[in-house]
Amino acid sequence: MNLFRRKSVTQLQADAATDQRLKRALGATNLTMLGIGAIIGTGIFVLTGTVAAQNAGPAVILSFMLAGVASIFAALCYSEFASLVPMAGSAYTYGYATLGELFAWIIGWDLVLEYALGAVTVSIGWSGYVVSFLRDVGIYIPAELSAARGTLVTLADGTQVTAIFNLPAVIIIAIVTLLLVIGIRESANVNNVIVFVKVAVVLLFIAGAAHAVKSANWHPFIPPSTGEAGHYGWSGVMRGAGIVFFAYIGFDAVSTAAQEAKNPQRDMPISIIGSLLVCTVLYIAVAAVATGIVSYLQLDVPDPIAVAADHAGLGWMASLIKLGAIAGLSSVILVMLLGQSRIFWTMADDGLLPPIVSRVHPKFQTPWITTIVTGGIVACFAAVFTVREAGSLVSIGTLLAFVIVSVGVLVLRIREPELPRKFKTPWVWFVAPMGVISAGYLMISLPWLTWERLIYWFAIGIVIYFGYSVYHSRLGPRKIAGETGWSRALKVAGVIWIVFGSLGSILWLARYHGDFIPGPLGIVIGLAGFVLSWSLGALLNLVAQVSDHTHARHLMMESPTSAAK
């Protein structure tokens, strides 16, 4: 069983030229707008204030710059791949063509986490802004239907009620899902309008509030560390960069629409790099203006840009900013769900997920089943989760994708240097390694709990891969010689034992042994658990392999007898 079997780049290019199942309806402008639509949202309207107040102070400007630098390295690598392999699937497809199927599955499973939880997180934020905006105009959403289940919501008279579920978040997911089913061109046109509105609001804030900036609010630019990692000082700037990196998620989603681009070789690099540069400039400008108007300690609020506008004497802008935030978050949800459905569609088309997922609507030419399924799952989580619960994994998932894409560009340059490339990553032997280093450094800056949840997610993904995907892959044999249902069950059981036994051992060594059995004995127990997990898993697999070989021999011996009869 070859876990590193690869797709041929030349075959992928041939498939891109002949596969007409998805409609090629997007030009460079639409693709750039998709990128801007996905990037400008929670980061600029929420994270600017919270990161300044809790982590970096006015140096949140540096946090945005560092996250932007890490993103531009990855964006250049994405651009080369998107022009070379203009297929839906983004980093998943690129990993399949360079590093092999197992890495492709890992990154695809990672992208599922990124886009789905990204949409959940943003839809919850959208709900908060909509409820606030409607309240401003005299329309009140029942508090029981405006937040995650179990959340205590404080009413205007000071009383509290317990929320049942988040109805506005479910509604926006349903609307966006319907729009994506109807068609990619219609979705792109709606996104263009939304992007125009929110960029106009951001520019209006920068221009209107700049006069109120006081340089004294920028001192100290990097507040001294409190002694706690990530709380001011340089560690706070780096922790802030890891957090605001969530704000840059989106330009990579452009590459998931490569199979729906009119001229992907030319337009994909333009849209990926262009959308990232535009948004980076806007982020830095908004962060500078907001922290220059208000002391960073006063920005730890859900609507920091509206607070800054009030301090600048632009109270009339508060409702307008909320409207811009609503528009901004709407387009982010649209592009996140677009990317998620295209990833699922591509993985199913490769046989790694059930084939029903890859069905395309005969009229709309969209992957309608995967779009509806994705929308339904995201709506369920958005109804009952809080932003903190939903959003903790999104940044680390994206950073991991960036690492794999940066490595993949170098691998393909070495393996197939003669491939014609319409766009080449400049200074690739500097840019790609820096993409790996910068993304990896930001990953390290994230808290351990985020890593722990990522490990859980990958453990589930590995079980699904070895239990289903590896047997149904279009690149693999449909039937292994001599394999029976019993021997396959043993193999899957062995994988489950290895994955979850190793997971338990790693968590014990990294986090829990110090609380229960500190010292050398706790370490020995963890290592013993690790060895035992792999030994028992390998034993189950060995028994299954022996069974396969024995059964295959019996079948071979019976075949001549059957033929003679």
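A quick note: this is a predicted structure, and the numbers were derived from the prediction, not measured.

Undergrad: Residues and numbers for the overall build of the protein chain, please.
TA: When helices and strands are counted, the protein chain shows 20 helices and two strands. A compact globule built from 565 residues should have a C-alpha radius of gyration of about 24 Å, and the protein chain, at 25 Å, falls within 12% of that. With the principal axes as the frame, the protein chain shows a C-alpha extent of 95 × 60 × 50 Å. Among the 565 residues that make up the protein chain, the fraction classed as buried is 57%.

Undergrad: An account of unusual backbone geometry is needed here, citing residue identities and associated values.
TA: Backbone torsion omega between His219 and Pro220 reads -5°, so that peptide bond is classified as cis. Tracing the backbone through its elements, the reader meets Pro220 in the loop between α8 (184-209) and α9 (233-244). At Tyr232, a position not held by glycine, the phi torsion is positive, near 70°. Phi is positive for Trp427, close to 50°, though the residue is something other than glycine. Checked against the element boundaries, Trp427 lands in the loop between α16 (394-415) and α17 (428-445). The class of Trp427 is exposed, set by a relative accessible area of 69%.

Undergrad: Report on the packing of helix α4 (residues 60-84) against helix α5 (residues 91-98), specifying residues and quantitative values.
TA: As a packed pair, α4 and α5 sit with axes 10 Å apart at the nearest point and diverge in direction by 75°. With respect to their mutual orientation, α4 and α5 come out roughly perpendicular. Packed against α4, whose contacting residues are Tyr78, Phe81 and Ala82, the element α5 presents Ala91, Tyr94 and Thr98 at the interface. Residues of the contact of α4 with α5, tallied by class, amount to five nonpolar, one polar and no charged.

Undergrad: Can you explain the state of the cysteines? Please cite residues and give values.
TA: Enumeration over the complete set of coordinates arrives at zero disulfides. Unpaired in terms of disulfides, Cys77 finds its nearest cysteine sulfur in Cys279, a separation of 19 Å. A relative accessible area of 0% means that Cys77 is categorised as buried. You can call Cys279 buried: its relative accessible area is 0%.

Undergrad: If you had to explain helix α14 (residues 368-384) to someone new, which residues and values would you point to?
TA: The end-to-end C-alpha distance of α14, which contains 17 residues, comes to 25 Å, matching closely the 24 Å that a straight helix rising 1.5 Å per residue would cover. Buried residues along α14 sit against α6 (101-136), α7 (167-182) and α13 (317-349).

Undergrad: Provide a residue-level description of the environment of Ser341, including the pertinent values.
TA: Position of Ser341 among the secondary structure elements: in helix α13. Classification of Ser341 by relative accessible area gives buried; the value is 0%. Spatially, the C-alpha atoms of Ser341 and Thr256 are 9.2 Å apart, while their sequence positions differ by 85 residues. Residues contacting Ser341, with those up to four places away along its chain left out, are Thr370, Thr371 and Thr374.

Undergrad: Describe the packing of aromatic side chains, and please don't skip the residues or the numbers.
TA: A complete count under the given rule lists 14 aromatic pairs for this structure. Consider the rings of Tyr232 and Tyr296, whose centres lie 5.9 Å apart with planes at 75°: the pair is edge-to-face. Here Tyr232, found in the loop between α8 and α9, pairs with Tyr296, found in the loop between α11 (264-293) and α12 (304-311); they are 64 residues apart in sequence, far enough to count as distant. An identical accessibility class is assigned to Tyr232 and Tyr296; each is buried. Counting every residue linked through ring pairs, the aromatic cluster contains Trp105, Trp109, Trp457, Tyr465 and Phe466. The ring of Tyr471 has Arg488 sitting right over it, with the charged end atom 3.8 Å from the ring centre.

Undergrad: So what's going on with a nonpolar patch on the surface? Which residues, and what values?
TA: A cluster of nonpolar side chains, namely Trp486, Trp497, Leu532, Leu536, Leu539, Leu542, Val543 and Val546, defines an oily patch on the protein surface of about 770 Å² accessible area. Looking at the nonpolar patch, the elements with two or more residues in it are α19 (485-516) and α20 (520-564). Looking at the element boundaries, Trp486 is found in helix α19.

Undergrad: Just give me the short version of the pattern of salt bridges, but keep the residues and values in it.
TA: In this structure the tally under the stated criterion is nine salt bridges. A salt bridge links Arg421 to Glu80; the nearest nitrogen and oxygen atoms lie 3.0 Å apart. Here the residue Arg421 occupies a position in the loop between α16 and α17, and Glu80 occupies one in helix α4, the gap between them amounting to 341 residues. Arg421 sits in the buried class, given a relative accessible area of 11%. Between Arg488 and Glu483 there is a salt bridge, with the nearest N and O atoms lying 2.9 Å from each other. Residues joined in a network through salt bridges with shared partners are Glu483, Arg488, Lys491 and Asp548.

Undergrad: I'd like a description of the packing of α4 against α16, backed by residues and values.
TA: For any two helices packed against each other, one specifies the inter-axial angle together with the distance between the axes. Contact geometry for α4 and α16: axes closest at 9 Å, N-to-C directions at 55°. With respect to each other, α4 and α16 are oriented oblique. Classified by chirality, the crossing of α16 by α4 is left-handed. Side by side, α4 and α16 meet where Ser71, Ala74, Cys77, Tyr78, Glu80, Phe81 and Leu84 of the first sit next to Ala401, Phe402, Val405, Ser406, Gly408, Val409, Leu412 and Arg413 of the second. Across the contact of α4 with α16, the residue classes tally to 10 nonpolar, three polar and two charged.

Undergrad: How would you summarise the nonpolar core if you had to cite specific residues and measurements?
TA: Tyr78, Phe205 and Phe251 are the most contacted members of the largest nonpolar core, which totals 165 residues. Examining the composition of this core, we find that 18 residues originate from one element, α6, more than from any other. When neighbours within four sequence positions are excluded, Phe251 is seen to be in contact with Ile39, Ser71, Ala74, Ala75, Tyr78, Ile272, Ser275, Leu276 and Phe402.

Undergrad: Tell me about the side chain of Thr50, and name the residues and values.
TA: Tracing the backbone shows Thr50 in helix α3 (residues 42-56). Residue class for Thr50 comes out buried when judged on its relative accessible area of 18%. When near neighbours in sequence (up to four residues on either side) are disregarded, Thr50 contacts Asn55, Leu299, Asp300 and Val301.

Undergrad: Break down the environment of Leu276 for me, citing the residues and quoting the values.
TA: Here Leu276 lies in helix α11. For the pair Leu276 and Gly35, spaced 241 residues apart in sequence, the C-alpha separation works out to 7.4 Å. Every residue in contact with Leu276, bar those within four places of it in the chain, is listed here: Ile39, Ser71, Ile72, Ala75, Tyr248 and Phe251.

Undergrad: Account for the environment of Arg488, with residues named and values stated.
TA: Relative to the assigned elements, Arg488 resides in helix α19. Given a relative accessible area of 24%, Arg488 falls into the partly exposed group. Along the chain, Arg488 and Ser547 lie 59 residues apart, while their C-alpha atoms are 9.9 Å from each other.

The rules behind each value
- Residues numbered from 1 in each chain as written.
- Predicted model: local features only at pLDDT ≥ 70, side-chain atom pairs only at ≥ 80, totals over all residues.
- Heavy atoms only, no water.
- Helix = DSSP H or I, 4+ residues; strand = E, 2+ residues; numbered from the N terminus.
- Rg over C-alpha atoms; globule rule 2.2 N^0.38 Å.
- Buried < 20%, exposed > 50% of the residue type's maximum accessible area, 1.4 Å probe, protein only.
- Axes fitted to C-alpha atoms, helices over the stretch in contact; angles between N-to-C directions.
- Parallel < 35°, antiparallel > 145°, perpendicular 65-115°, else oblique.
- Contact = heavy atoms within 4.5 Å.
- Nonpolar A, V, L, I, M, F, W, Y, C, P; charged D, E, K, R; others polar.
- Disulfide = S-S within 2.5 Å.
- Expected span 1.5 Å × (residues − 1).
- Phe/Tyr/Trp six-rings, centres within 6.5 Å; stacked < 30°, edge-to-face > 60°.
- Lys NZ or Arg CZ within 6 Å of the ring centre and 35° of its normal.
- Patch = residues over 30% accessible without salt bridge, like charges linked within 9 Å, V, L, I, M, F, W, Y side chains within 5 Å.
- Areas by Shrake-Rupley, 256 points an atom, 1.4 Å probe, with all protein chains shown as cover.
- Salt bridge = Lys/Arg side-chain N within 4 Å of Asp/Glu carboxyl O.
- Left-handed = near helix turned anticlockwise from the far one by under 90°.
- Core = buried A, V, L, I, M, F, W, Y, C linked by side-chain atoms within 4.5 Å.

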